[in-house]
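# A structural walkthrough
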Amino acid sequence: MTDPSLEALLSRSHALELLHGMLRIRRFEEKCAELYGQLKIRGFLHLYIGEEAIAVAAMAALEKSDAVVSTYRDHGHALARGISMNAVMAEMYGKRTGCSGGRGGSMHLFDAASRFYGGNAIVGGGLPLAVGLGLADKMQGRSNVTACFFGDGAVAEGEFHESMNLAALWRLPVLFLCENNYYAMGTALERAQSETDISAKARSYRIPAEAVDGMDVTAVEQAVRQAVAAVRAGAGPHFLELRTYRFRAHSMFDADLYRDKDEVEAWKKKGPIETLVPSLQQAGLVDDEEIDRLERAVAEEIAAAVAFAEQAEWEPVEQLLRDVCAPEPQ
Amino acid sequence: MTAAKATYRGALREALREALLADPRVFLMGEDVGRYGGSYAVSMGLLEEFGPERIRDTPLSESAFVGAGIGAALGGMRPIVEIMTVNFSLLALDQIVNTAAALRHMSGGQFHVPLVIRMATGAGRQLAAQHSHSLEAWYAHVPGLRVLAPATLQDARYMLPQALRREDPVLIFEHAQLYNMEGELTAEAAEIDIRSAAVRRPGRDLSLITYGGSLPKTLRAAEMLASEGIEAEVLDLRVLRPLDDRALAESVRRTRRAVVVDEGWRSGSLAAELMARIVELAFYELDAPPVRVCTQELPIPYPKHLEDAALPQAETIAAAARAIAKRHV
Ligand SMILES: Cc1ncc(C[n+]2csc(CCOP(=O)(O)OP(=O)(O)O)c2C)c(N)n1
Ligand SMILES: [Mg+2]
């Protein structure tokens, strides 16, 4: 890029894209919390609020043909991956028009079109799956990358270690993205790990690994872009530990009694939207009007998604047994 | 005999407290049992009372901490391991089945595993396919284990001390729908054993046989039937392994008709085992083929109306009972 004004324009529009992506997730989830109070959404609801930079930046760095493996804290991943907000909201309601046909709900968002392999609610359960997706790509000579999200809690599971080893041993094209928000439900990282430097664990399996400020959307994007390029070029698995924080309780059932209010407030100031907006303003890249415009667009999209979910019919009970197995061959 | 207001959750907590006070070898470990207070708030307050040595938060490592429970039991402790839910016990299945259950036999009786494992089980809260299992039958399949399903406040309160007295592994399944159940708790520990089934409601016309989270639904079904003039006996199995054949046979011989109610999936279920035993034990006394009400054979769906349709309900239990009661009156 030689023309500096073009570069500025591109980076401005890209920065706004990232901000827009994060606002979509933030406001969508605030709405979900409200809908939960109205009993429209039920079951477990795990909010991603505070962690938006990771999903938005990581998805920006992936290709459409790449695969994504998520967890039960999956709304942000799903929206950033490009699953329509209508389909995600309808899934939150349990309607047939939801991205998992209404059968999965909040924790089990899936979308074949964007190679979004879900919404796994067993901690650590997605890692072996990602290894397998990478194996299939490698065996079939495709240059795809599989991006696998999981939390700091998953790092304690055997499946984490088994997956690290297998991915490294077979040099599979998998990018491991550990969203370290320092808590697994009520258990703080230092109360669960003898070695709290998570990326060091990956390195011990000879996987290139780096810790990144997960609140800095551009830092995340840069790190993911580099890692994705390396994985795609055949350098084997890579690992990023993205340091972040969840601003809300673990789920709607959590009274959040295990952490200091001050700690939560301090992290909120470091939030990805909270820090990006002033820095864009200072650089003169965005003004209040622009932010209003983004907020209005997001609010409209959410209102439309709620209407879409509301108006859909409930699936008839007669169809209860669908999608358990493929139909028997004739 | 004094009666006090209690909840199922509170009864479980009291049992834990009593055990911790009574025996210094007893300790509790599991994910979020301490600082968080237990994912179902059963162990709330115990960390403050007993400290982090005896109320041990573990990392998310089901296989490791269940295995560590087995090792600690071998080493002379009396561990109580909490697995957050049966869904996650699958990550520890190897330790439970291949080690805890088999150790006494494969060591020729030299070693044994006095370990209690508690876990929440069951569906009904719209938690979808990975958080709604009822896999009690899998564990009840395995020799070497004792499997308990407390469905009343009394059992929630008094099964644990009995389990801790055992020399072999005991699994206690707490149905997630029961934690908020309220009622009266009486101090009659002596009557509680972990061997026998219990008749929860007498009745002469048919036997409704069930356990765990299905007991309240089954009792509701029995009420509905009573209003129609059908007197159903409700048998609560309580102990899923070893099954109380005598109570089963006695009940069915009395009523000559049986409906088995089981939240497990029908194929290969505990219900299947019970049907087989009813036929083995009381074939010639039956006036109708035994029937069963189980969970439909699909992973549990998220929407409420579909989840309800998938699970046994008081209405479906009553309908099954009517079908065999009517046909033969
Ligand atoms: C195998 C397993 N054990 C326990 C749970 C219950 N559980 C759900 S989320 C969670 C905490 C996970 O923490 P982390 O991996 O850090 O992800 P975060 O929720 O912080 O995003 C626990 C213990 C589970 N879902 N799966
Ligand atoms: Mg975490």
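### Observations concerning the overall build of chain A
On a plain count of helices and strands, chain A comes out with 11 helices and 8 strands. The C-alpha atoms of chain A give a radius of gyration of 20 Å, which matches the 20 Å a tight globule of 330 residues would have. Considered along the principal axes of its C-alpha atoms, chain A spans approximately 55 × 50 × 45 Å. For chain A, the proportion of its 330 residues judged to be buried stands at 55%.

### Some remarks on the sheet that holds strand β6 (residues 146-148) of chain B
By definition, the strands of a sheet pair up through backbone hydrogen bonds, in either a parallel or an antiparallel sense. Residues and elements named next belong to chain B. Spatially, 7 strands are ordered β3-β2-β4-β5-β7-β6-β12 in an open sheet, and the strand pairing comes out mixed. The sheet is open, and its two borders are formed by β3 (55-57) and β12 (239-241), each paired with just one other strand. Strand after strand, the sheet turns through a mean of 20° between neighbouring axes, direction not considered. Across the sheet, helix α1 (residues 8-22) touches β2 (26-30), β3, β4 (78-85), β5 (116-121) and β7 (170-175), and the angle it forms with β2 is around 130°.

### Notes on the coordination of the magnesium ion (ligand 2)
All names here are of chain A. Looking at the metal site, the magnesium ion (ligand 2) is ligated by Asp 152 (OD), Asn 181 (OD1) and Tyr 183 (O), spaced 2.0 to 2.1 Å from it. Each donor residue of the magnesium ion (ligand 2) lies on one chain, and together they are spaced D-x28-N-x1-Y. On the criterion of sequence distance, the pair formed by Asp 152 in the loop between β3 (146-151) and α6 (158-169) and Asn 181 in the loop between β4 (174-180) and β5 (183-184) is long-range, its members being 29 residues apart. Each member of the pair Asp 152 and Asn 181 is classed as buried.

### Overview of the environment of Leu 215 of chain B
Residues and elements named next belong to chain B. With respect to the secondary-structure elements, Leu 215 resides in helix α9 (residues 214-227). Separated by 63 residues in the primary sequence, Leu 215 and Thr 152 have C-alpha atoms spaced 8.6 Å apart. Excluding its chain neighbours within four sequence positions, the residues that come into contact with Leu 215 are Ala 151, Thr 152, Arg 200, Thr 210, Val 234 and Asp 236.

### Things to note about the nonpolar core
One finds Met 89 of chain A together with Ile 209 of chain B to be the most contacted residues of the largest nonpolar core, which totals 131 residues. At 12 residues, the largest contribution of residues to this core is made by helix α1 (residues 4-37) of chain A. In contact with Ile 209 of chain B, other than residues within four places in its own chain, are Leu 235, Leu 237, Leu 248, Val 252, Ala 258, Val 259, Val 260, Val 261, Leu 274 and Ile 278 of chain B. By size, the runner-up hydrophobic cluster in this structure holds 58 residues, among which are Leu 20, Met 159, Leu 208 and Ile 324 of chain B.

### Regarding the site of ligand 1
Not every one of the 22 residues close to ligand 1 is listed here, only the nearest: Tyr 72, Arg 73, Gly 153 and Asn 181 of chain A together with Glu 62 of chain B. In the environment of ligand 1, a nitrogen atom lies 3.0 Å from a nitrogen or oxygen atom belonging to the backbone of Val 123 of chain A. Of the residues that constitute the shell around ligand 1, the class distribution is 12 nonpolar, 5 polar and 5 charged.

### With respect to the side chain of Asp 137 of chain A
Residue and element names in this part refer to chain A. Residue position: Asp 137 is located in helix α5 (residues 126-139). Classification of Asp 137 by relative accessible area gives buried; the value is 0%. Setting aside its immediate chain neighbours within four residues, Asp 137 contacts Arg 115, Arg 142, Asn 144, Thr 146 and Pro 173.

### Here we look at the domain arrangement of chain B
All names here are of chain B. Parsing chain B into structural domains produces domain 1 (3-186) and domain 2 (198-325). A separation of 26 Å is found between the C-alpha centroids of domain 1 and domain 2. Contacts between the two partners involve 30 residues from domain 1, matched on the other side by 26 residues from domain 2. In total, domain 1 and domain 2 occlude about 2,100 Å² of area from one another, counting both sides; carbon and sulfur atoms represent 59% of this.

### Overview of the interface of chain A and chain B
In many reports, interface size means the accessible area that the parts give up when they come together. Taken together, the 39 residues of chain A in the interface contact 30 residues of chain B. Counting each side, the surface lost to burial between chain A and chain B is near 3,000 Å², with a carbon and sulfur contribution of 64%. Our count for the contact surface shared by chain A and chain B stands at 1 salt bridge. Among the ionic pairs, Arg 191 of chain A bridges to Asp 57 of chain B, the shortest N-O distance being 2.6 Å. For the pair chain A and chain B, the interface holds 12 residue pairs in polar contact (both at pLDDT 80 or more).

### So, the packing of aromatic side chains
Residues and elements named next belong to chain A. For the coordinates displayed, the defined rule picks out 15 aromatic pairs over all chains. On the numbers, 5.0 Å between centres and 5° between planes, the contact of Tyr 245 with Trp 267 is stacked. Of this pair, Tyr 245 sits in the loop between β8 (238-243) and α9 (261-269) while Trp 267 sits in helix α9, and the two are 22 residues apart along the sequence. Both residues of the pair, Tyr 245 and Trp 267, count as buried.

Cut-offs applied
Residues numbered from 1 in each chain as written. Chains lettered and ligands numbered in written order. Predicted model: local features only at pLDDT ≥ 70, side-chain atom pairs only at ≥ 80, totals over all residues. Heavy atoms only, no water. Helix = DSSP H or I, 4+ residues; strand = E, 2+ residues; numbered from the N terminus. Rg over C-alpha atoms; globule rule 2.2 N^0.38 Å. Buried < 20%, exposed > 50% of the residue type's maximum accessible area, 1.4 Å probe, protein only. Pairing = 2+ DSSP bridges. Axes fitted to C-alpha atoms, helices over the stretch in contact; angles between N-to-C directions. Contact = heavy atoms within 4.5 Å. Donors = N, O, S within 2.8 Å, 3.2 Å for Na, K, Ca; no water. Core = buried A, V, L, I, M, F, W, Y, C linked by side-chain atoms within 4.5 Å. Near = heavy atom within 4 Å. Polar contact = N/O pair within 3.5 Å; in protein donor to acceptor, adjacent residues only side chain to side chain. Nonpolar A, V, L, I, M, F, W, Y, C, P; charged D, E, K, R; others polar. Domains from an automatic or database assignment. Buried area = accessible area lost by both parts, 1.4 Å probe. Salt bridge = Lys/Arg side-chain N within 4 Å of Asp/Glu carboxyl O. Phe/Tyr/Trp six-rings, centres within 6.5 Å; stacked < 30°, edge-to-face > 60°.

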